[in-house]
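Per-entry structural report
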Amino acid sequence: AMEGLARWVLDRGGTLSGVKVGLTELGRGIVATRDLKSGHTVISTPLSLCPSPLAFEEKHYLKGIEQLVEEHGYGEDYVMAVLLEYETHAEKMQQDLLYGPYASILPTPPLPSCFEENDGGKGEGVPDEIGKFIDRELAQTYSGEQVLKLRRATQKAYEQLFVQGLFQTHPHLFSSETTTLASWSKSLAKVWSRSYNLYRDRSQRGDRLMWAMVPLADLVNHALDAENNYIQDFDADPPSFKLRLAKDVKEGEELLITYGAHTSLQYFLFYGFVLPNNPYDFINLRVKLPSSSSPSSSSSSSS
């Protein structure tokens, strides 16, 4: 499936140079097919193939959806998830696909906020006492509380944006038969785990950043110390997202980027993995101990 996605991007002006999609120790990723030098552009994806909030401005039949999401107080990640939800079910709803096979091929990351179709998010198929027991157990820890919070927020957004909103205002685009709580939760998970911050236009101003997804580049896995960088080349033909190497890479080596400095809980909630010995799980405290001759020192050492 990923090979088909790569072909779709390459046929529309994208490039993979000196790399391929392959299996790595971290799962599916991007691997060097030969020795590569620092500064080499390994991935180029036309910006027109990148799902972003710009779609709501460019397609007349999507007008008003972004505003509806924002009126409920949700950010661009939720705007993007609505767009991905549209793409996932566009053909069933007899609508045009904006980004080809991208949405249908994307695997769902194992985020704890994801619901399954068999429970509908309401405990259907799961005995009520078991559901309550699981909630009680999760509530016993800080991490568990955050999981419950995210799941409840996902449910609330589904009710507000779809059940009370888009199913009524845009029934030709969204249906309760296709956009379920499970489907919605997975669209959110894909956006959270795969998005980049891109500039809206060639001004490349910091206040013009937006959430966006980048086919092929979103296959690059994470390492805290990764140095590879990306740019938006608005002068390229076509204007493209480009991933460049910050150091030499050997044939067979996996290319990595950093998803940012986060705690393991944040990685778990929004990317679906945790890091061993993550330095951001710890706080270093410097404590100045009293001299051994002080009374307080003597009393503390004897206790």
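Calculation criteria
Residues numbered from 1 in each chain as written. Predicted model: local features only at pLDDT ≥ 70, side-chain atom pairs only at ≥ 80, totals over all residues. Heavy atoms only, no water. Helix = DSSP H or I, 4+ residues; strand = E, 2+ residues; numbered from the N terminus. Buried < 20%, exposed > 50% of the residue type's maximum accessible area, 1.4 Å probe, protein only. Contact = heavy atoms within 4.5 Å. Lys, Arg positive; Asp, Glu negative; His and termini not counted. Charge placed at Lys NZ, Arg CZ, Asp CG, Glu CD. Axes fitted to C-alpha atoms, helices over the stretch in contact; angles between N-to-C directions. Parallel < 35°, antiparallel > 145°, perpendicular 65-115°, else oblique. Left-handed = near helix turned anticlockwise from the far one by under 90°. Nonpolar A, V, L, I, M, F, W, Y, C, P; charged D, E, K, R; others polar. Salt bridge = Lys/Arg side-chain N within 4 Å of Asp/Glu carboxyl O. Pairing = 2+ DSSP bridges. Phe/Tyr/Trp six-rings, centres within 6.5 Å; stacked < 30°, edge-to-face > 60°. Lys NZ or Arg CZ within 6 Å of the ring centre and 35° of its normal. pLDDT = per-residue confidence, 0-100. Core = buried A, V, L, I, M, F, W, Y, C linked by side-chain atoms within 4.5 Å. Expected span 1.5 Å × (residues − 1).

Some words on the overall build of the protein chain
Within the protein chain one finds 10 helices and 10 strands. If you line up the protein chain on its principal axes, its C-alpha atoms span 80 × 55 × 35 Å. The buried share of the protein chain, taken over its 303 residues, is 47%. Counting only contacts in the protein chain whose residues sit at least 6 apart along the sequence, the fraction spanning at least 24 positions is 67%. Here the protein chain holds 29 positive side-chain charges and 39 negative ones, and the gap between their average locations is 4 Å.

What about the packing of helix 7 (residues 142-169) against helix 8 (residues 181-194)?
It is at 10 Å that the axes of helix 7 and helix 8 come closest, and there the two elements cross at 115°. Considering their axes alone, helix 7 and helix 8 lie roughly perpendicular with respect to each other. Here the hand of the crossing between helix 7 and helix 8 comes out right-handed. Touching Leu150, Thr154, Gln155, Ala157, Tyr158, Leu161 and Phe162 of helix 7 are Leu181, Trp184, Ser185, Leu188 and Trp192, all from helix 8. Its residues placed into classes, the contact of helix 7 with helix 8 shows 9 nonpolar, 3 polar and no charged.

Some points on the environment of Pro101
Secondary-structure assignment places Pro101 in the loop between helix 4 (76-89) and helix 5 (102-105). Given the relative accessible area of 25%, Pro101 is considered partly exposed. Contact partners of Pro101, with chain neighbours within four places excluded, come to Leu5 and Trp8.

Notes on the pattern of salt bridges
Under the criterion given, the structure shown has 10 salt bridges. Residue Asp218 is joined to Arg194 by a salt bridge in which the shortest nitrogen-to-oxygen separation is 3.5 Å. Of the two residues, Asp218 is situated in the loop between strand 6 (209-213) and strand 7 (221-222) and Arg194 in helix 8; the sequence distance between them amounts to 24 residues. Each member of the pair Asp218 and Arg194 is classed as buried. Where Arg205 meets Asp207, a salt bridge forms, and the shortest distance between an N and an O atom there is 2.9 Å. Each member of the salt-bridge network shares a partner with another, and the members are Glu57, Glu76 and Arg200.

Observations concerning the pairing of strand 9 (residues 240-244)
With 4 of its 5 residues buried, strand 9 lies for the most part within the structure. Two elements, strand 8 (residues 229-233) and strand 9, share 5 bridges in a ladder whose sense is antiparallel. Residue pairing across strands places Ile231 opposite Lys242, the latter belonging to strand 9. Counting the residues in the hairpin turn of strand 8 and strand 9 gives 6 residues.

Section: the packing of aromatic side chains
For the structure shown, the criterion picks out 19 aromatic pairs. Between the aromatic rings of Tyr78 and Trp184, the centroid separation amounts to 6.1 Å while the plane-to-plane angle is 45°, which identifies the pairing as tilted. One end of the pair, Tyr78, is in helix 4; the other, Trp184, is in helix 8, with 106 residues separating them in the sequence. One exposure class covers both Tyr78 and Trp184, and it is buried. Ring centres 5.1 Å apart and planes at 70° place the aromatic pair Tyr196 and Phe241 in the edge-to-face group. Taken as a pair, Tyr196 in strand 5 (residues 195-199) and Phe241 in strand 9 lie far apart in primary sequence, 45 residues in all. In textbook terms, an aromatic cluster arises when at least three aromatic residues are bridged by ring pairs, as seen for Tyr61, Tyr74, Tyr78, Tyr86, Tyr158, Phe162, Phe167, Phe174, Trp184, Trp192 and Phe270. Taking NZ or CZ as reference, Arg151 lies 4.0 Å from the ring centre of Phe115, over its face.

What about the sheet that holds strand 1 (residues 15-16)?
The strand order across the open sheet formed by 4 strands is 1-4-9-8, and the pairing between neighbours is antiparallel. Edge positions in the sheet fall to strand 1 and strand 8, since each of these pairs with one other strand and no more.

Considering the environment of Ile105
With respect to the helices, strands and loops of the structure, Ile105 is situated in helix 5. In this structure, the C-alpha to C-alpha distance between Ile105 and Ala157, residues 52 residues apart in sequence, is 24 Å. When near neighbours in sequence (up to four residues on either side) are disregarded, Ile105 contacts Ala1, Met2 and Leu5.

Some thoughts on the confidence of the model for the protein chain
On average, residues of the protein chain score 88 in pLDDT, and 90% of them reach the 70 mark or higher. Low pLDDT (under 50) marks residues 120-127, which in the prediction has 10 contacts with non-local residues, meaning those over four places away or in another chain.

Considerations on the nonpolar core
The tendency in soluble globular proteins is for nonpolar side chains to be buried as a group. Ranked by size, the top nonpolar core spans 78 residues in total, and within it Leu62, Val82, Leu161, Phe162, Phe174 and Trp184 carry the most contacts. Apart from the residues lying within four places of it in its own chain, the contact partners of Leu62 are Ala55, Phe56, Leu83, Tyr86, Leu98 and Leu173.

With respect to helix 4
For helix 4, which comprises 14 residues, the first-to-last C-alpha distance of 20 Å matches the rise-based estimate of 20 Å (1.5 Å per residue) to within 8%. Counting buried positions along helix 4 yields 13 of 14 residues, so the element is predominantly enclosed.

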